[in-house]
Amino acid sequence: MKYKAFLILLCFLSSTARLQAQGHFTGSSFNPNDYFIPPVSGWVFSLYYSYSNMDYFNQDGNKTDLIEISQNPPFSVEISQEVITHSVIPMALYFGKGKILKANWGVMAIPIINSPSANVALDFYIGQNTPANQDININTFGLGDFYVQPIWLTWEKNKLTTAFSYGLWVPTGKYEANDTENIGLGYVSQNIRLASRYRPDAKYTLTGSITFESNFNQKDVDFKEAPHLTFDYGGTYYFANGHEAGILGYGTWQTGNDNGEKAVPDKDHIYGIGAYGSYWFIPGKFGILARTTQSFGTKNRFGGFSFVVGLNYLLFN
C-alpha cells in the first residue's frame, strides 16, 4: 500500500503550473512523492481541473500594470489586468516491468486543454512595439502545449529513494506571433530533473527535487526564453488506507539571459508554498486529490493563487 498510496497525488499542473512562470515549468507542479516510480507495473489515469488567478510583479516585487521592455531607450507596456485561467488536464502514466540500469522505469504523457495562461499573456505583451493596453481573450479554450516524459528512472534502497527524469514540452497549442488568443508558447522546452526522498518511518516522507529547464527558439519570432532552475521541497504524512496530507514549497530562478527582440532586461524569480490532501474512495484503486498554492517574492513575472482538484484511477498488474 505504501507504494500505491503516492499515486493518488499525481497532480501535474502543466499549463496552470506555467501560470506562475516564464517557460513551461514552475515549482510545485508535482506533489512531494510524485517524482518516484513504485516497484509495481501498470497504468495510472488522471483527470484534473485547475484554476489560477495571477498578477504581474515588477523588479521591486510590487504588483504593477507596467512591464518594462527596454531600459535604453526606456520603454514599457501597460497591461492593466489580472489573468485568470481554467484548465482541464488528462494524464496517463505507465510503470514498466523489470529494471533499466537497476532502476524502476516509467513514462508519462500529459495533453493540456486550457484557456490562455499568464505566461502566454506575458509573451504577448513583451512582443508589442508600441505602448498598448490590450486584454487577452481568456474566453479562448483549446489544446495547449503537450508534456511527454520518455525517460523516468527510480532507484530505491532502504529509507532513501532517488529519481532521474527527462521530459519535453511540445508546442502543440495554438501559437501565432503577437496573437491575443494564443494558448501555447510556440517553442520546445526540455526538463531535466533529479529528486530524492527520505522516509524516516512508515508515516512520514521528506522530499527534495531540482529541475533545470532550457528552451528552444520561439516560432516565427527572434526570441529564446532564458533557462530556469527550480528547487522543490515538501513533506507528507500518511493516514490509514493510504490517505495523505502534506505541505510543499519551491523557488524558481532565471539562470541566464533572454535572447532576441522580446528579451526582458532583468532576471525573474518566484517562490511559493502550498498544501494538499488526498482521499481514497477505493484504497489503492480510485481516489480524489485537492491542493492549493500561493506564490510570494515574485519579480518580473506573473504570480498568485492556484487551486486544483482531480480524480485518479490506478490499474496495476
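None of these values were measured; they are calculated from a predicted model. (Residues numbered from 1 in each chain as written. Predicted model: local features only at pLDDT ≥ 70, side-chain atom pairs only at ≥ 80, totals over all residues. Heavy atoms only, no water.)

**Regarding the packing of aromatic side chains**
Scanning all chains against the criterion turns up 16 aromatic pairs. For the ring pair Tyr 94 and Trp 105, a centre distance of 6.0 Å and an interplane angle of 65 degrees mean the geometry is edge-to-face. Residue Tyr 94 is found in strand S4 (residues 83-95), and its partner Trp 105 is found in strand S5 (residues 104-110); the two are separated by 11 residues along the sequence. (Phe/Tyr/Trp six-rings, centres within 6.5 Å; stacked < 30°, edge-to-face > 60°. Helix = DSSP H or I, 4+ residues; strand = E, 2+ residues; numbered from the N terminus.)

**Notes on the environment of Glu 181**
Residue position: Glu 181 is located in the loop between strand S9 (160-170) and strand S10 (189-201). Residue Glu 181 is classed as partly exposed on the basis of its relative accessible area, which comes to 31%. Note: C-alpha distance between Glu 181 and Phe 141 (40 residues apart in sequence) is 8.9 Å. (Buried < 20%, exposed > 50% of the residue type's maximum accessible area, 1.4 Å probe, protein only.)

**So, the pairing of strand S16 (residues 269-282)**
Examined bridge by bridge, strand S14 (residues 244-254) and S16 share 10 bridges and lie antiparallel to one another. By the bridge assignment, Thr 252 is partnered in S16 with Ile 270. Strand direction decides the pairing type here: S16 and strand S17 (residues 286-299), joined by 12 bridges, are antiparallel. Opposite Tyr 279, over in S17, you have Ile 288 as the bridge partner. (Pairing = 2+ DSSP bridges.)

**A few points about the side chain of Asn 312**
Mapped onto the elements, Asn 312 comes out in strand S18 (residues 301-316). Judged by its relative accessible area of 0%, Asn 312 falls in the buried class. At 2.5 Å, the side chain of Asn 312 and the side chain of Ser 46 are in polar contact. (Polar contact = N/O pair within 3.5 Å; in protein donor to acceptor, adjacent residues only side chain to side chain.)

**As for the pattern of salt bridges**
In total, this model carries 1 salt bridge according to the counting rule given. Here Arg 301 ties to Asp 268 by a salt bridge, and the two come within 2.1 Å at their closest N and O atoms. With Arg 301 in strand S18 and Asp 268 in the loop between strand S15 (259-260) and S16, the pair connects residues that are 33 residues apart, well separated along the chain. The buried category is assigned to Arg 301, whose relative accessible area is 0%. (Salt bridge = Lys/Arg side-chain N within 4 Å of Asp/Glu carboxyl O.)

**Brief notes about the confidence of the model for the protein**
Chain-level statistics for the protein give a pLDDT mean of 83 and a share of 80% at 70 or above. Between residues 1-21, whose pLDDT stays under 50, and residues either more than four places distant or in other chains, the model counts 117 contacts. Ignoring residues within four places in sequence, the model shows residues 128-138, a span with pLDDT below 50, making 32 contacts including any to other chains. (pLDDT = per-residue confidence, 0-100. Contact = heavy atoms within 4.5 Å.)

**Examining the nonpolar core**
Ranked by internal contacts, the top residues of the largest apolar core, which has 24 residues, are Tyr 48, Leu 93, Phe 95, Met 108, Ile 110 and Trp 152. Going through the elements one at a time, strand S1 (42-57), S4, S5, strand S8 (146-157), S9 and S18 are the ones with two or more residues in this core. Ranked by residues supplied to this core, first place goes to S4 with 4 residues. (Core = buried A, V, L, I, M, F, W, Y, C linked by side-chain atoms within 4.5 Å.)

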